[in-house]
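What the coordinates show
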Amino acid sequence: MALSLKVPAWSMGVLLLGPILAGCASNSTGSSASAPASNASAEQIVLAIGGESEEGYDPTLGWGRYGSPLFQSTLLQRDENLEIVNDLATNYTVSEDGKTWTVTIRQDAQFSDGEPLTAADVAYTFNKAAESGGLTDVTVLEEAVATDDYTVELRLKQPQSTFVNRLITVGIVPEHAHGPDYARNPIGSGPYQLVQWDEGQQLIVEANPNYYGEAPGIGRLVFLFTEEDAAFAAAQAGQAQVVSVPQSLAVQSIEGMKLYDVASVDNRGLMFPFPDEGSKTTPDGKPVGNAVTSDLAIRQAVNYAVDREALVDGVLEGYGSPAYGPVSGLAWEEPSANIEDADPERARQILAEGGWRDSNSDGIVEKDGLKAEFTLLYPASDSTRQALALSVAEMLKPVGIQVNVEGKSWDEITPLAHSNVVLFGWGSHDQTEMYNLYHSKAAQGDFYNAGYYANQAIDQTLDLAMGAPSEAEAIAFWRAAQWDGQQGFTAKGDAAWAWLVNLDHTYFVDECLDIGQPQVEPHGHGWPVTANIASWTWTCN
């Protein structure tokens, strides 16, 4: 992108990064904004792509669900086209009743400590993940049993089409070395092994000499954990070779680096409280419901009034796409659920037909004495969500809906999230997320189905999708839950959310580094760009 370089006051950011980099770089950079120097090579690169895991790097507790687990191998992987391919597994079959998954694993895999990886480690990992009840969501597992050294049976309580995603995201841990300290000292069979973790500052890893695959093209990786502006400054100074930047910085340029504009299903949308105000509370007594957003006409009017292309162009600087549902661009999206938005006249018509009128000429429509007014919450630390929230509020004023935008911390948002509209971000390769966002039984007082959406017919369709024999056979049901021509959870139906945009993930990458073809990336937690990191290569001498 041929755009002029806008140089911020970067020198302080680089100065602050100096002590961090000093321990892992042998030569002084002598860097400048106009002619950055770099001591990167096939031996070592520096990445500033966020993603530090506060809980550590234990897959049984959720590490790896949004990108490569790095230290650990998984049974299966998704390639750059999101097709499922083998990793540790050499084959897998599913029983006729859908309840037993039999996986054969390769016989040459070792952990980074030299111990062999066997089916017993696979069984241990899955049993431990199910026992933890954590973010890996392996709760459908009855038990995992190693039937010989290289065959494991994963026995489920009931069929689950999305279980294949557990084989893709759950990294295998060693039974002999898995304990309370494992998350901060991970041992695995993945392409890299941990060298040093200075929490809040950096993570240093190096190629695992016992890796069964082709040796990684980059010997050592240094992950910097720093704010976006400082990371951008490090890239300008030649001190980082891969940097994740917000869309507002992607419009700039950095000498010696190229911009990767990676499509994602990392979405942003407005979650509406679905029940009426005061109709129920969460298990711990938080209020649920909203008198305004419980009205279908309000929710649909918002969906039609919002100009999503304008949000992409104005807020995301063109680095994104409109979103009309939670799975845009994936194989299980229902395209007929999409609407023609940026239509304030249609929005006004929906409101009028729903009984909402501006009876006192104050610019806000009312119904039965209730004004069409609600609070929209967003995390105050997120400038992109702030801009989206403010833009949406402006778009809704002309149709008579008053939106009061408030930025708060997540601690403040949490107790309010079931009775106020919240600008959330989601996005996964795993259909389970869609199930959890819309199935009534997922409404348990946390962020899954925070609006307490409930439609028995949609529940039944989602259950059919979840219980289908395979991912492929489930697709028709996933699509029908979005919109089947008569009903659905998207804008033409119950409009439980107003999805806004999918972000493109934007990275500056050193021109000497070939990172291959990135896949359509999930939500930005973790390191989604590292899905193929073992194949990255340094192309300069």
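These remarks concern the structure in this document. Because the structure is predicted, anything quoted here is derived from the model rather than measured. (Residues numbered from 1 in each chain as written. Predicted model: local features only at pLDDT ≥ 70, side-chain atom pairs only at ≥ 80, totals over all residues. Heavy atoms only, no water.)

1. Observations regarding the packing of helix 6 (residues 296-305) against helix 8 (residues 344-353)
Two elements in contact, helix 6 and helix 8, have axes separated by 8 Å at closest approach and are oriented at 175°. In terms of axis orientation, helix 6 runs roughly antiparallel to helix 8. From helix 6, Ala297, Ile298, Gln300, Ala301, Tyr304 and Ala305 reach across to helix 8, where they touch Arg346, Ala347, Ile350 and Leu351. (Axes fitted to C-alpha atoms, helices over the stretch in contact; angles between N-to-C directions. Helix = DSSP H or I, 4+ residues; strand = E, 2+ residues; numbered from the N terminus. Parallel < 35°, antiparallel > 145°, perpendicular 65-115°, else oblique. Contact = heavy atoms within 4.5 Å.)

2. Observations concerning the nonpolar core
Grouped together as the largest cluster of nonpolar side chains are 42 residues, with contacts concentrated most on Leu270, Val302, Leu311, Phe374, Leu396 and Ile401. Of all the secondary-structure elements, those providing two or more residues to this core are helix 6, helix 7 (308-314), helix 8, strand 19 (373-379), helix 9 (383-396), strand 21 (421-426) and strand 22 (497-503). When sequence neighbours within four positions are dropped, the list of residues in contact with leucine 311 reads Val306, Leu316, Leu388, Ser391, Val392, Met395, Leu500 and Val501. Judged by nonpolar contacts, the second largest core, of 33 residues, contains Tyr453, Leu462, Met466 and Ala481. (Core = buried A, V, L, I, M, F, W, Y, C linked by side-chain atoms within 4.5 Å. Buried < 20%, exposed > 50% of the residue type's maximum accessible area, 1.4 Å probe, protein only.)

3. Quick notes on the pattern of salt bridges
This model, assessed by the stated rule, comprises 17 salt bridges. The residue arginine 155 makes a salt bridge to glutamate 143 at a minimum N-O spacing of 3.1 Å. Separated by 12 residues along the polypeptide, arginine 155 in strand 7 (residues 151-156) and glutamate 143 in strand 6 (residues 141-148) bring together distant segments of the chain. Residue class for glutamate 143 comes out partly exposed when judged on its relative accessible area of 34%. The partner of lysine 397 in a salt bridge is glutamate 394, with the nearest N and O atoms 3.2 Å apart. Three or more residues are tied together by salt bridges with common partners; here these are Glu143, Glu153 and Arg155. (Salt bridge = Lys/Arg side-chain N within 4 Å of Asp/Glu carboxyl O.)

4. Here's the deal with unusual backbone geometry
Although it is not a glycine, leucine 70 sits at a positive phi angle of roughly 65°. Inspection of the secondary structure puts leucine 70 in the loop between strand 1 (44-48) and strand 2 (76-78). Note on leucine 70: relative accessible area 0%, which makes it buried. Even without a glycine there, the phi angle at serine 361 is positive, about 60°.

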